[in-house]
Amino acid sequence: MSDEVARAPWSFFPYAWHQATWQRLTTLAQESRLPHALLVGGPAGIGKHRLAQAFSAWLLCQVPTAAGACGHCKSCSLLNAGSHPDLLELGLETNDKGKLKQAIGVDQVRAVVDFAVKSSQLGGYRIVMVEPAHLMNVSSSNALLKTLEEPGRQTLILLLSSQALTLSATVRSRCQKLLLGTPPAEEALAWLAPQLRDAATARLLLDLADGAPLAALTLRDSLWFPERERLLKDLAGLSEGRLAALAVAQRWHALGAEAVLPALVSLCEDIARQAAGAVVVKHRDLAPIIGAVARRSSPAAVLAFCQGLAEKQRLLAGNVAGSSLLDAAFSEWKRLPAAAAQ
Ligand SMILES: [Zn+2]
């Protein structure tokens, strides 16, 4: 089929660090106390999606076990095939240039409204999963409200978001909240370390990802992770007046603003922290260079620079050319006022 989309396999079990939450959810369901709408919040990269998939599969499964769905009944097979009639997944669609749209549109939400009033095809629950729920715009949120207020019988709406507090207050007020945090570092490392070369890299990546294990793994595969040292040395060269901003920017055009801007944010947050007196940095393997740059930098100026980077990331998502954003970023860095003389 020409329009077939490569699908990740459906997850039937949550991550180990979500076992307690899993117990709570399955107990609620067994006691018929499951809410009709659940807002699953928490940082990106902690496995919310997998938890929601596993719980949905378990609710829909015809022979569920305590640990999860069976994985091979009719319902589980339909989930694996991506064609379960009682499950509707809503996410960001792509535009005609293949770029992700910036919001979940009202037309998509109208499909939820239609779906939720129909009766179940397999005789069990009907489940709607919306992710990232905070990217519903005002019209989409409003369109969802009625379904949140009066969902059909045995309907569960799962809203997943890494920025749950930015959802409209009316949507939030109609959901039971399940706010998840990052797992304890030891549990995250127990999962992460075997997938990486060594424990030190696992710890470094977990720190850089603020404790979110899946985000740490994504970071390992990112374009910028192996380029951190070279980028930091360029920042140092600019601070010390050894390098010209546009020449440096040129070097990074090929890697692209999508990779370079988050790298700059991550490095500059460390530089700002150290310039403000913090002892510990996240890029611990680069601590000596970060220290040298931080000594020349004013913490307030670096923080302001970080805010400028965040704005550039917004502009990039809105189709401003990445190369011009990089030119601007390196020029601004070069012009940053130095630290006040001691
Ligand atoms: Zn099953």
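Residues numbered from 1 in each chain as written. Predicted model: local features only at pLDDT ≥ 70, side-chain atom pairs only at ≥ 80, totals over all residues.

Counting its secondary structure elements, the protein contains 15 helices and five strands. Principal axes of the C-alpha set define a box for the protein whose edges measure 70 × 40 × 40 Å. The buried share of the protein, taken over its 342 residues, is 37%. In the protein, the proportion of contacts linking residues at least 24 apart, taken out of those at least 6 apart, comes to 73%. (Helix = DSSP H or I, 4+ residues; strand = E, 2+ residues; numbered from the N terminus. Buried ≥ 20, exposed ≤ 12 C-beta atoms within 10 Å, placed from the backbone. Contact = placed C-beta atoms within 7 Å.)

General note: in soluble globular proteins, nonpolar side chains tend to be found buried as a group. Among the nonpolar cores identified, the biggest contains 46 residues, and V40, A57, V128, L158 and L159 are the most heavily contacted of them. Among the elements that line this core, the one with the most residues is helix α2 (residues 48–60), at eight residues. Discounting residues that sit within four places of it in the chain, L158 has contacts with L38, V40, A52, I127, V128 and M129. Ranked by size, the runner-up nonpolar core spans 29 residues in total, among them A249, A263, A294 and L325. (Core = buried A, V, L, I, M, F, W, Y, C linked by C-beta atoms within 7 Å.)

Judged by pairing direction, the sheet is parallel, and its five strands sit side by side in the order β2-β3-β4-β1-β5 without closing on themselves. Only two strands of the sheet have a single neighbouring strand rather than two, namely β2 (87–90) and β5 (176–179). Direction aside, neighbouring strands of the sheet carry axes that sit 15 degrees apart on average. Here four bridges tie strand β1 (residues 37–41) to β5, and the two strands are oriented parallel to one another. Note on β5: the bridge partner recorded for L39 is K177. (Pairing = 2+ DSSP bridges. Axes fitted to C-alpha atoms, helices over the stretch in contact; angles between N-to-C directions.)

What follows is about the environment of C61. Structurally, C61 is set in the loop between α2 and α3 (74–81). Taking the C-alpha atoms as reference points, C61 and I127, separated by 66 residues in sequence, lie 12 Å from one another.

This part is about helix α9 (residues 213–220). When α9 is considered as a whole, its buried residues turn out to be P213, L214, A215 and A216. Where α9 is buried, its residues meet α7 (185–192) and α8 (199–208).

In the contact formed by α7 and α8, the axes pass within 10 Å of each other and the chain directions differ by 125 degrees. The angle between α7 and α8 places the two elements in the oblique class. Judged by the twist between their axes, the crossing of α7 over α8 is right-handed. For the pair formed by α7 and α8, the contact residues are A185, A188, L189 and L192 on the first element and A202, R203 and L206 on the second. Split by residue class, the contact of α7 with α8 holds six nonpolar, no polar and one charged. (Parallel < 35°, antiparallel > 145°, perpendicular 65-115°, else oblique. Left-handed = near helix turned anticlockwise from the far one by under 90°. Nonpolar A, V, L, I, M, F, W, Y, C, P; charged D, E, K, R; others polar.)

We now examine the domain arrangement of the protein. Examined at the domain level, the protein breaks down into domain 1 (16–179), domain 2 (185–220) and domain 3 (225–335). Computed over C-alpha atoms only, the centres of domain 2 and domain 3 are separated by 23 Å. On the domain 3 side, the residues contacting the five residues of domain 2 number five residues. Counting residues per element, the ones that place at least two in the side of domain 2 that touches domain 3 are α8 and α9. With three residues, α8 is the largest single contributor of residues to the side of domain 2 that touches domain 3. Split into classes, the residues belonging to the side of domain 2 that touches domain 3 amount to three nonpolar, no polar and two charged. (Domains from an automatic or database assignment.)

Turning to the packing of helix α10 (residues 228–239) against helix α13 (residues 287–296), a few remarks are in order. Closest axis-to-axis distance for the α10/α13 pair is 10 Å, and the angle between their directions is 30 degrees. By the angle between their axes, α10 is roughly parallel relative to α13. Seen along the crossing, α10 lies across α13 with a hand that is left-handed. The segment α10 lies against α13, with L232, K233, L235, A236 and S239 engaging I289, I290, A292, V293 and R296. Class assignment of the residues belonging to the contact of α10 with α13 gives a composition of seven nonpolar, one polar and two charged.

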